[in-house]
Structure formats: structure tokens, C-alpha cells
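Each chain is listed here by its residues.
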Amino acid sequence: MNSRAIGTASASELFAHAWALERGAVAGGWAKKSRVSLPARSSPGLLSRSSRVSSIRMMQQQQRGRGGLTYKDAGVDIDAGSELVRRIAKMAPGIGGFGGLFPLGDSYLVAGTDGVGTKLKLAFETGIHETIGIDLVAMSVNDIVTSGAKPLFFLDYFATSHLDVDLAERVIKGIVEGCQQSDCVLLGGETAEMPDFYANGEYDLSGFAVGIVKKDSVIDGKNIVDGDVLIGLPSSGVHSNGFSLVRRVLAHSGASLNDQLPNSNGISVTLGEALMAPTVIYVKKVLDIVSKGGVKGIAHITGGGFTDNIPRVFPDGLGALIYPDSWEVPPIFKWIQEKGGVEDAEMRRTFNMGIGMVLVVSPEASSRILGEEHGPCMPRLIGKVVKGEGVIYK
């Protein structure tokens, strides 16, 4: 194990080393693929648990009478992951939110951890390693910003059987870029060289982010009411979840990552390039919107899609009505659905479908947000809060 420390914090190396050692067994033992989604939110003093369910196997049996491929057929059982978190919550009540809150004076530290799942497999196949670090940072900082927290620092864990210094440098450069995009510091990390543990040329990544928010500014969803508006921020594509199903569809279709993505709005892009597009880091955009008021809840749309993630921020008795025709679904999702014969419900519970972050805002705030200039990250009115439970699409 080799700890890396960056910056001047006197305890940073020890902190990074201890945290990486604590989580190392997880990074080496679980292939982290499915984010668990529960309606419960984190309690002060408890770290969140982002569950990545093992996807080390690819199921070989034929489809059993269903209309198309599913995430579970690809080796990822979201329901099993949810059950694990429910059991953990019995031992540590409060776990289940996007980020964990720890009280510190008049503020909360907000912490999150994640990986990039089997998107790494596509990085190995395409040779695109420069942006996977952006994905790593994005998955954690996008989680903690849902509480209104500004990211302070980031730690990474890089594990491999044989350290290829040039390859590792390419990955770390992406992590640095992700930290710059989210205006936080890469404080330290851990490089673990474990012979015979990983396939030659492969590696695994985990990331850990910590931010801060004033206690009176925490966004926790408790003030959400019937009639509030759902504002969606566009994604760059698949982001960093659902890749076990993506890879199953690729194998099922016989397509090559070098094939051109059809119907890509006149832009020449291969399937590999479209799938490896880095996850959007929403930190600066979200914090800017939050600073102007009216934001009551925020959901990061990862594994579980709209169906599981949006209800996580709602009080009991409220659900979401989504207008699926209110934004253009990116071509890569249309390709996945067509080639895999994936049903609408499965797509909506696995992928972001073109919306990577959802803000729950007052009707007054929605008018302001939609009327402002936002550049390429143009918000969309995608639905509203309704009485009931779950998510309805119509």
C-alpha cells in the first residue's frame, strides 16, 4: 500500500491512509455496480451507504419469456442491494441518503463515497482512461451537493495488480480535472499494488468526498409539498451506472465499440465514445441555483433512475408525476433500448435517460430558474410533486 498526500494539511496523509485501508476490502471485494435507493435520509453523525451490488458474473441463460434484457439478467439485483441497506439500517439507523451528515459547530460535514462500477471495463476496452477520474469525482460530489453542501476535499483509492505508472498518471489527471470542476481539493489517496488480484492491465477505483453546509441551509426535502415543480438538469449520457446492462446489450447485439452511434444528431461519434462520455459534475450549477432560493430537495439520478431516486427526497405521502416527453432522450439510450429490447420501466429504473440531476423547487423558483440563461446545462421542467407514492410517467 502506498499513500499519497497532496497539500499542506498536517494530518492528511494519515487520514487518507486510514480511510483507504478501511475501505480497501470493499474496493477489492465488491464489484460496485448498483446504487441502492431508499426513501430514508441520512441522520447527523452517520455516513451514507452507497451500495454497489456485485456484478462479477454475467448470466448465461437465455431470456425466460421476458420482453428484453434487464439489469438483473446482467448480474445486478437492485432489490437485493436495497434489502442489504435495510438490514444495515437496523444496526445504524438513518443510513440511506445521498450523503451522510456529521455535525460540526453551526455546520454539517457531508460525506459520500462511490466508484464507477463496470464502466471501467469499457475504459480497458477502449483505452480511454483520461476521463474515468472525472467520473469518479462526479459520483461522490454530485451526491453530497444534494444536501446543499460545497465540496471541500476528495480522496481516491487506486488498486491494481501491477502498477503501470503512465496509466495511473492518466487516471489521476482525470481525478484532478474532476476536482477542479467541482472546486474542491484532491487532498490525498491510496495506491494499492496487489499482485495476482486483478487481471493484467486492469485496476479498480473508489472515491471519497467531504463537503460542508450551514445547518440552517441544509436541503433535506422536508418542506416539499404537493404542487412543487421538478426541474431536470441534462446528463452527458449514461454517466457511471448501468454498465453491466450496457455491456450485456453490446454482447447481445454483436456491436463493436468502434461502430458509429446512429441518429446522433449529425455528429460523428462511436458507441465507445458515447458510452465513455464523462459524468457531468453539477456542483457549481446546483450551488448557484440553490444560492438564489426556492430549492427544497435534490436527487442525483444514478442507479435506480427516476423511479427509485426521486422519491428518496420526498416526505411520506408524496410522489412524482414525470412528463417523459419534456426533454430529448439522448441517442445512446435509444440505441440501448432498441438493441437490448429493454422495456420502458427497466430503462427508467436503470438509467438517467438524459436527466442527471433533479431539483424540487417552488413554482415561483421554477419560473425564475427556467427564465435564466444557463448555457449548455439548460434546465427543463420535467414534472411536479403530487399526492401519493412513487413515480408516475405520463
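Structure first, text after, so check above.
First things first, this report covers the structure right here in the doc. Computed from a predicted structure; not experimentally measured. (Residues numbered from 1 in each chain as written. Predicted model: local features only at pLDDT ≥ 70, side-chain atom pairs only at ≥ 80, totals over all residues. Heavy atoms only, no water.)

What to know about the packing of helix α6 (residues 243–253) against helix α10 (residues 331–340)
Two numbers describe a pair of packed helices, the interaxial angle and the distance between the axes.
Reasoning step 1: In the contact formed by α6 and α10, the axes pass within 9 Å of each other and the chain directions differ by 55°. In terms of orientation, α6 lies oblique with respect to α10. The element α6 and its partner α10 pack so that their crossing is left-handed. Across the interface between the two elements, V246, V249, L250, H252 and S253 from α6 touch W335, I336, K339 and G340 from α10.
Reasoning step 2: Partitioning the contact of α6 with α10 into residue classes produces 5 nonpolar, 3 polar and 1 charged. (Axes fitted to C-alpha atoms, helices over the stretch in contact; angles between N-to-C directions. Helix = DSSP H or I, 4+ residues; strand = E, 2+ residues; numbered from the N terminus. Parallel < 35°, antiparallel > 145°, perpendicular 65-115°, else oblique. Left-handed = near helix turned anticlockwise from the far one by under 90°. Contact = heavy atoms within 4.5 Å. Nonpolar A, V, L, I, M, F, W, Y, C, P; charged D, E, K, R; others polar.)

Let's talk about the side chain of S182
Reasoning step 1: Note that S182 resides in the loop between α5 (165–181) and β5 (185–193).
Reasoning step 2: The class of S182 is buried, set by a relative accessible area of 1%.
Reasoning step 3: Residues in contact with S182, not counting those within four places in the same chain, are V137, V141, P151, I281 and V283. (Buried < 20%, exposed > 50% of the residue type's maximum accessible area, 1.4 Å probe, protein only.)

A few points about the sheet that holds strand β12 (residues 391–393)
Reasoning step 1: Strand order in the open sheet made by the 6 strands is β8-β10-β7-β11-β9-β12, with mixed pairing throughout. Whereas interior strands pair on both sides, the edge strands pair on one side only; in this sheet they are β8 (295–300) and β12. Between one strand axis and the next, the sheet turns through 25° on average, direction left out of account.
Reasoning step 2: Relative to strand β11 (residues 380–387), strand β9 (residues 318–322) runs antiparallel, the two sharing 5 bridges. The residue bridging L321 from the neighbouring strand is K384, located in β11.
Reasoning step 3: Of the strands in this sheet, β7 (229–234), β8 and β10 (355–361) are in contact with helix α8 (residues 283–291), which crosses β8 at around 165°. (Pairing = 2+ DSSP bridges.)

Things to note about the packing of aromatic side chains
Reasoning step 1: This structure, assessed with the given rule, holds 5 aromatic pairs.
Reasoning step 2: Ring geometry for F306 against W327: centres 5.5 Å apart, planes inclined by 45°, an arrangement best described as tilted. Taken as a pair, F306 in helix α9 (residues 305–309) and W327 in the loop between β9 and α10 lie far apart in primary sequence, 21 residues in all. Grouping residues by exposure puts F306 and W327 together as buried. (Phe/Tyr/Trp six-rings, centres within 6.5 Å; stacked < 30°, edge-to-face > 60°.)

Remarks on unusual backbone geometry
Reasoning step 1: If you check the backbone angles, N263 has positive phi at about 55° while not being a glycine.
Reasoning step 2: Along the chain, N263 falls in the loop between α6 and α7 (271–275).
Reasoning step 3: Judged by its relative accessible area of 70%, N263 falls in the exposed class.
Reasoning step 4: Unusually for a residue other than glycine, M353 sits at a positive phi of about 60°.
Reasoning step 5: Judged by relative accessible area, which is 12%, M353 ranks as buried.

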